[in-house]
Amino acid sequence: MPVTDPTPLFSVSEEVADAMASGHPVVALESSGVVQGLPYPLNLETALGIDAAIRANGAVPARTAIVNGRFAVGMSPEQLEMFATSPDMPKISTRDIGPALASGGHGGTTVSASLVAAGHVGIEVFAVAGIGGVHFGAQQSFDVSADLIEFTRHRVTTVCAGAKSLLDPALTLEYLETQGVPVVGYRCDDFPAYYCVSSGQRNPRRIDNLTELAAAARLHWQAGNRGGFLVTHPIAEEDSLPSEEIYGLIHRTQTDAARAGISGPAMTPHILSKVSAATKGRTAEANRSVLLSTSALAAQVAVAMSRRPA
Ligand code: PSU
Ligand code: MN
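This is a predicted model, so every value here is computed, not measured.

Assigned secondary structure in the protein consists of 13 helices and 13 strands. Taken along its principal axes, the extent of the C-alpha atoms in the protein is 50 × 50 × 35 Å. By the burial criterion, 49% of the 310 residues in the protein qualify as buried. Look at the contacts in the protein between residues 6 or more apart in sequence, and 75% of them connect residues 24 or more apart.

We now examine the packing of helix α10 (residues 210-222) against helix α13 (residues 282-306). Their axes nearest at 9 Å, the elements α10 and α13 cross at an angle of 70°. With respect to each other, α10 and α13 are oriented roughly perpendicular. When you trace α10 past α13, the crossing you get is right-handed. Contacts between α10 and α13 involve Leu 210, Thr 211, Leu 213, Ala 214 and Ala 217 on the former and, on the latter, Gln 300, Val 301, Ala 304 and Met 305. The class makeup of the residues in the contact of α10 with α13 is seven nonpolar, two polar and no charged.

Residues annotated in UniProt with the feature "active site" (unreviewed entry) correspond here to Glu 30 and Lys 164. Within the element layout of this structure, Glu 30 appears in the loop between β2 (26-29) and α2 (32-37). Setting aside its immediate chain neighbours within four residues, Glu 30 contacts Thr 64, Thr 109, Thr 110, Val 111, Ser 114 and Val 128. Within the fold, Lys 164 resides in the loop between β8 (157-160) and α9 (169-178). For Lys 164, a count of 26 C-beta atoms within 10 Å corresponds to the buried category. The contact partners of Lys 164, leaving out residues within four places of it in the chain, are Gly 130, Gly 132, Tyr 194 and Thr 268.

As a further point, take the sheet that holds strand β12 (residues 205-207). Here we have nine strands laid out as an open sheet, ordered β1-β4-β3-β2-β7-β8-β13-β9-β12, and mixed in their pairing. Since the sheet does not close on itself, it has two edges, and those belong to β1 (10-12) and β12, each with one partner. Each strand axis lies, on average, 30° off the axis of its neighbour in the sheet, ignoring direction. Where strand β9 (residues 183-186) meets β12, three bridges bridge the pair, whose relative direction is parallel. Following the sheet pairing, Val 184 is matched in β12 by Arg 205.

This part covers the nonpolar core. Residues Val 26, Val 27, Val 125, Ala 298 and Val 301 are the most contacted members of the largest nonpolar core, which totals 87 residues. Considering each element in turn, this core owes the most residues, 12 residues, to α13. Those residues in contact with Ala 298 that lie beyond four places of it in its chain are Val 27, Ile 54, Val 125, Ala 127 and Val 159.

Moving on to the pairing of strand β4 (residues 70-73). Note that β1 and β4 share three bridges and pair parallel. Its bridge partner being in β4, Val 12 is matched across the sheet by Val 73. Sheet topology places strand β3 (residues 60-67) next to β4; four bridges connect them, and they run antiparallel. The residue bridging Val 67 from the neighbouring strand is Arg 70, located in β4. Following β3, the chain reverses through two residues before pairing antiparallel with β4; Asn 68 in that reversal takes a positive phi of roughly 50°.

Turning to the confidence of the model for the protein, a few remarks are in order. For any part of a model where pLDDT is low, the fine detail of the predicted coordinates should not be relied upon. Residues of the protein with pLDDT of at least 70 account for 97%, and the chain-wide mean is 95. Between the elements of the protein, mean pLDDT differs from a low of 90, seen in helix α12 (residues 267-278), to a high of 99, seen in β9. Predicted as a complex, the structure gets a pTM of 0.96 and an ipTM equal to 0.96.

A separate point is the site of ligand 1. Looking at ligand 1, there are 17 residues lining it, with Gly 37, Thr 110, Val 111, Gly 132 and Ser 145 nearest. Among the residues forming the shell around ligand 1, the class breakdown is five nonpolar, nine polar and three charged.

Now for the pairing of β9. Two strands pair when backbone bridges link them, and β9 and strand β13 (residues 229-232) are joined in this way by three bridges, in the parallel orientation. Across the sheet, the residue bridging to Val 183 is Leu 230, located in β13.

The subject of this paragraph is the environment of Ala 113. Mapped onto the secondary structure, Ala 113 falls in helix α6 (residues 111-121). For the pair Ala 113 and Ser 243, spaced 130 residues apart in sequence, the C-alpha to C-alpha distance is 29 Å.

Okay, the UniProt feature "binding site: substrate" (unreviewed entry) in the protein next. The UniProt entry lists Lys 91, Val 111, Ser 145, Ala 146 and Asp 147 under the feature "binding site: substrate" (unreviewed entry), expressed in the numbering used here. A stretch of 57 residues holds the annotated residues, and the largest C-alpha distance among them is 13.0 Å, short enough that they meet in one place. Of note, Val 111 is situated in helix α6. Val 111 sits in the buried class, given 27 other C-beta atoms within 10 Å. In this view, Val 111 contacts Glu 30, Val 128, Ile 131, Gly 132 and Asp 147; residues no more than four positions away in its chain are not counted. In this structure, Ala 146 sits in helix α8 (residues 146-150). The class for Ala 146 is partly exposed, based on 19 C-beta atoms found within 10 Å. Ignoring any residue separated from it by four or fewer positions in sequence, one finds Ala 146 in contact with Ser 93, Thr 94, Arg 95 and Ser 112.

Criteria and thresholds
- Residues numbered from 1 in each chain as written.
- Chains lettered and ligands numbered in written order.
- Predicted model: local features only at pLDDT ≥ 70, side-chain atom pairs only at ≥ 80, totals over all residues.
- Helix = DSSP H or I, 4+ residues; strand = E, 2+ residues; numbered from the N terminus.
- Buried ≥ 20, exposed ≤ 12 C-beta atoms within 10 Å, placed from the backbone.
- Contact = placed C-beta atoms within 7 Å.
- Axes fitted to C-alpha atoms, helices over the stretch in contact; angles between N-to-C directions.
- Parallel < 35°, antiparallel > 145°, perpendicular 65-115°, else oblique.
- Left-handed = near helix turned anticlockwise from the far one by under 90°.
- Nonpolar A, V, L, I, M, F, W, Y, C, P; charged D, E, K, R; others polar.
- UniProt positions renumbered as here; feature names shortened; annotations may be inferred.
- Pairing = 2+ DSSP bridges.
- Core = buried A, V, L, I, M, F, W, Y, C linked by C-beta atoms within 7 Å.
- pLDDT = per-residue confidence, 0-100.
- Near = placed C-beta within 6 Å.

This is the structure:
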C-alpha cells in the first residue's frame, strides 16, 4: 500500500463546492447529533428539517461526516439515511479523525471534528443547537469538550443556543473568555442552555442586527485573531423546558453515571438519553425546536456574512 493515499481526504459535495465557488452562503453541520442524538426516524426527520430551514433562509447545508475513510462535507440523502439508522457508529471528535480516516470506516463528527472540516475547506458558518463545553465537576474530572479547543483554532462563526444543558455554563464562559473567543447574544441577554432559555449566566455581549453581527465577526478576524466567533440565540420560550427541573435531573443523572463508571465521550450521549427518557419526549420536542431555530439563524448569519461591507 502506498504511504500516501492518492484519494483526496476531503470529499466536498457538488452542491457545496458550487455554492462556495460562487460565494453563495453555506452552513456547516455536525453528524454526531444524527448518530448519537435522537432515535430513528426522529433523527432523520430532524436532519431533513434542519437542511430545509437552512435552504429556506438562503444558504446551502454542508453536513460533515467520515464516510468510507474520507471526510465528507455535504452528505448525500443515502449517506444521511445510513447514518440515521446506525446508532453504533463511532463518535468522532478531533482526536479520532486520523485513526477514523485510516480505518476506512464511517463516523459521526462532533462539533470539534466538524470545525476541523469547515476550517479546512473554508466554510465560515457552523450551526449546532448546543455546543460542548466544560462539564460540571470538571475541576476533578478534567472533562472539557474538545469543541472548546476547536473554537480557538478556526475562522468559523458558530451559531448555537448556548452550551448543552448538562454543562457548567459559568466555567464554559470562563474558558471561552480566557481563550479570547467572542460570545455574542443575538437579540438576547442571557447565555442560553439548549433546552432552556437561560443558563443563569449572561452573554458577555449582545448585538441586535445581523449586519453588525457579521461585521463583528469579520473585524475580529481582520484584527488578526485566528479563532472562532460564537453567536447565541435561545430556544423559543413556548418550546423551552424549566431550568430548575432540567438542571436537577442532570445533576442526579450525572452523579449516578459517575458512580457507574461512565466517563469520556460516553458521558454526553448518556446524560442526554437519560434526560430524554425521564422527560417522556418533552426534550425531543425541545430538541427539534432548538435545532430548527438555530439552523435558520445560522443561514441568516451566513447570508449577512457573504455580503461584502459597503
Ligand atoms: N448530541 C448527542 N450526543 C453527542 C453529541 C451530540 O446527543 O455526543 C456530540 C456533539 O457533536 C458535541 C459533542 O460536539 O457531543 C460533545 O461531546 P463531549 O462532551 O464528549 O466533547
Ligand atoms: Mn469529554
